[in-house]
Each structure stands twice: as structure tokens, then as C-alpha cells.
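# Analysis of the macromolecular model
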Amino acid sequence: MKKASVILSHLGNQPQFRYLKQQNCYRKYISLLGEKWQKAIAFVYIKNNTLFVAVTHPGFKMELNYNRDLLKSILTQLTSHDHECEMLKAREVVIFHSKYHPVDKSEDALTTVPYYNELASSDFKIQSKDKELKEKFEQIKEQIKCNQ
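The following refers to the structure shown. (Residues numbered from 1 in each chain as written. Predicted model: local features only at pLDDT ≥ 70, side-chain atom pairs only at ≥ 80, totals over all residues. Heavy atoms only, no water.)

Across six bridges, strand β1 (residues 41-47) lies against strand β2 (residues 50-55) in antiparallel orientation. Note on β2: the bridge partner recorded for Tyr-45 is Phe-52. Hairpin connection from β1 to β2: two residues lie between these consecutive antiparallel strands, with Asn-48 at a positive phi of about 55 degrees. (Pairing = 2+ DSSP bridges. Helix = DSSP H or I, 4+ residues; strand = E, 2+ residues; numbered from the N terminus.)

The next point concerns a nonpolar patch on the surface. There is a patch of nonpolar side chains on the surface, built from Ile-7, Leu-8, Leu-11, Phe-17 and Leu-20 and spanning about 460 Å² of accessible area. Here the nonpolar patch gets three residues from one element, more than from any other, and that element is helix α1 (residues 4-12). Among the structural elements, Leu-20 can be located in helix α2 (residues 18-32). (Patch = residues over 30% accessible without salt bridge, like charges linked within 9 Å, V, L, I, M, F, W, Y side chains within 5 Å. Areas by Shrake-Rupley, 256 points an atom, 1.4 Å probe, with all protein chains shown as cover. Salt bridge = Lys/Arg side-chain N within 4 Å of Asp/Glu carboxyl O.)

The next thing to look at is the packing of α2 against helix α5 (residues 68-81). Each pair of packed helices can be summarised by the angle the axes make with each other and by the distance between the axes. The geometry of α2 relative to α5 is characterised by a closest axis approach of 10 Å and an angle of 125 degrees between their N-to-C directions. As far as their axial angle goes, α5 and α2 are oblique. In this structure, α2 meets α5 at a crossing whose hand is right-handed. Within the contact between the two elements, α2 uses Cys-25, Lys-28, Tyr-29 and Leu-32 and α5 uses Leu-71, Ile-74, Leu-75 and Leu-78. (Axes fitted to C-alpha atoms, helices over the stretch in contact; angles between N-to-C directions. Parallel < 35°, antiparallel > 145°, perpendicular 65-115°, else oblique. Left-handed = near helix turned anticlockwise from the far one by under 90°. Contact = heavy atoms within 4.5 Å.)

Turning next to the side chain of Asp-82. Within the secondary structure, Asp-82 is located in the loop between α5 and β3 (92-97). Its relative accessible area of 16% is what places Asp-82 among the buried residues. Here Glu-84 takes part through its backbone nitrogen, which lies 3.3 Å from a polar atom of the side chain of Asp-82. (Buried < 20%, exposed > 50% of the residue type's maximum accessible area, 1.4 Å probe, protein only. Polar contact = N/O pair within 3.5 Å; in protein donor to acceptor, adjacent residues only side chain to side chain.)

Quick look at the state of the cysteines now. The tally for this structure, following the rule as stated, stands at one disulfide. Between the sulfur of Cys-25 and that of Cys-85 lies a disulfide, 2.1 Å long from S to S. Between Cys-25 and Cys-85 the disulfide shows an S-S torsion of about -90 degrees. By sign, it is left-handed. With Cys-25 in helix α2 and Cys-85 in the loop between α5 and β3, this pair connects stretches of sequence that are 60 residues apart. (Disulfide = S-S within 2.5 Å.)

What follows is the structure, encoded as C-alpha cells:
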């Protein structure tokens, strides 16, 4: 019985699935960058010996323009150390903003429910003569007692 990893490896070596191998190498390349740059980069691809880097925000574009040499050197180191990614060779780096991959807005998840002490007290006198109003105040008193 073959293992799943053997089957996936065999499928990855098929010529029709060479793009999967390239995508895996692109993922490796992005993971080699710092955490700040990993969040900044939406996707990368290589075409005609040019590395295209799509960023999620225009501000990141300016910062990466100053670090083109870093992007190139990491790519050459990846191709020299990883034999599966030897096809990733680029002479130039082009950085552009991708409007289709906005910055992920992470919502802070509340791990605990905030509990507060009830500041109101239920010991007050109802001085109204209206029956409906008295009933409403009685309901408020009961709610305050339940919250204490």
C-alpha cells in the first residue's frame, strides 16, 4: 500500500502539475522573509526572468523598493540551497500594489467575558400613582436584584 506522501510526490513530478511545485517554492520564498514582509506580500511570481512582488498596501511598496537587493539575494540563496526551486531565477524585481489582496484586518477575539458589578441598588421607593409606571419600576427592581 502506498503512502499519501509518495502519491503526492509522484503527482508533483508530473509535467502538468509543475505549477504546484512553483507555488510551493513561492511559499518557501515568502516564508524566508521576515514576518513584517510576509504580511506585506500578497503573492509573488516569476515571468521572463523578472520577479514580480504584489504588496497589499502602497506603503509597503516604497519600503520594498528600498530592499530590492534583499529580495534578490534571498531568491538566489533559495535556488542555490533548494534543488526543487532551481527554476526560480530572476534578474530584476518589480514591486506593485495589488488591490485584490487587501491587508487582513484581524479582529481581537475576546477570550473572556467581562463581568461587572451592578452599581445600581434595588432599594428605592416608587412614588408614582400611575399603575403602569409602578409596574415598570417593579420590573426594573427585579432586574437589578437578578444582576446582583
